[in-house]
Amino acid sequence: MVLYDRIIVPIDGSAGSERVAVHAAALAAVHGAELHGVYVVNAGSFAGLPMESSWEGLDDMLRADAESALDKVERAAESQGVPVETHVLEGTPSREIVEFAERGECDLIVMGTHGRGGIDRLLLGSVAEKVVRASKVPVLTVRIEGGDDADEHAVEVPDDAAPETPIDSPAEAEADAPADSTATADGGE
């Protein structure tokens with residue numbers, strides 16, 4: 001069994017992101033790991049705004065959002081008795097998350113995914129997907145929107161990994177399943 005010593009949980013403060021923080025804190029508790037909450041301020045997305053007096057308050061607003069989001073990680077860690085550090089980074093979210101995880105010698109990235117599919121995923125992209133593709137550190141994604149109880153512990157298998165013929169038993173399914181370096185909790189992307 002792989003033990004984790006340092007788990008990073010990137011958080012954006014969106015609705016449902018507390019679920020990701022709770023999941024990451026529970027994993028950290030089970031493995032005796034320290035938790036690192038990361039919020040990436042994507043200041044580049046505001047670069048096109050006119051330079052007005054309101055610009056001065058924008059940095060303060062972004063920092064307040066970061067602190068609010070990271071507070072969820074701190075509360076989740078405290079409830080599990082897990083040591084936690086929080087970090088506010090600036091830059092492109094996926095790049096900063098991957099670099100932080102690799103530079104900080106983290107063992108696992110636990111992050112939320114909105115579960116977008118189809119054209120939304122194509123047009124909007126996904127920070128989680130970019131992190132999964134770029135990271136050398138294993139990534140566990142937790143779906144943070146909707147979802148019913150039936151999907152609570154589901155693991156998504158990519159369509160191209162599905163077997164061509166039906167499988168009769170769970171043991172056969174496990175034996176025939178391809179090895180994958182990423183895990184998806186709660187039916188993520």
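In this section: helix α5 (residues 127–134). Those residues of α5 that sit buried are A128, E129 and V131. Each buried residue of α5 lies within a common arc of 160° when the element is viewed along its axis, so the set occupies one face. For α5, the N-terminal cap is S126; the gap from its side-chain oxygen to the backbone nitrogen of A128 is 3.3 Å.

When a protein is soluble and globular, its nonpolar side chains tend to lie buried together. I7, L35, L108 and V110 are the most contacted members of the largest nonpolar core, which totals 28 residues. When contributions to this core are tallied by element, the ones reaching two or more residues are β1 (6–10), α1 (17–31), β2 (34–41), α2 (53–80), β4 (108–113) and β5 (139–143). Take this core: its biggest share by element is 8 residues, from α2. Filtering out sequence-adjacent residues up to four positions away, V110 remains in contact with I7, I8, V9, P10, V20, H23, A24, L27, L140 and V142. Counting 15 residues, the second-largest nonpolar core is a separate cluster that includes I8, I97, I109 and V131.

Further remarks concern the confidence of the model for the chain. Summing up the model confidence of the chain, the mean pLDDT is 75 and the portion of residues at 70 or higher is 62%. When pLDDT is averaged over each helix and strand of the chain, the minimum, 41, is found for helix α6 (residues 170–176) and the maximum, 96, for β1. Confidence drops under a pLDDT of 50 for residues 147–189, and excluding neighbours within four residues, the segment shows 46 contacts in the predicted structure.

By secondary structure assignment, the location of D71 is in helix α2. The class of D71 is partly exposed, set by a relative accessible area of 30%. Remark: the alpha-carbon pair of D71 and T86, spanning 15 residues in sequence, is separated by 8.7 Å.

Cut-offs used in this document
- Residues numbered from 1 in each chain as written.
- Predicted model: local features only at pLDDT ≥ 70, side-chain atom pairs only at ≥ 80, totals over all residues.
- Heavy atoms only, no water.
- Buried < 20%, exposed > 50% of the residue type's maximum accessible area, 1.4 Å probe, protein only.
- Helix = DSSP H or I, 4+ residues; strand = E, 2+ residues; numbered from the N terminus.
- Arc of directions from axis to C-beta.
- Polar contact = N/O pair within 3.5 Å; in protein donor to acceptor, adjacent residues only side chain to side chain.
- Core = buried A, V, L, I, M, F, W, Y, C linked by side-chain atoms within 4.5 Å.
- Contact = heavy atoms within 4.5 Å.
- pLDDT = per-residue confidence, 0-100.

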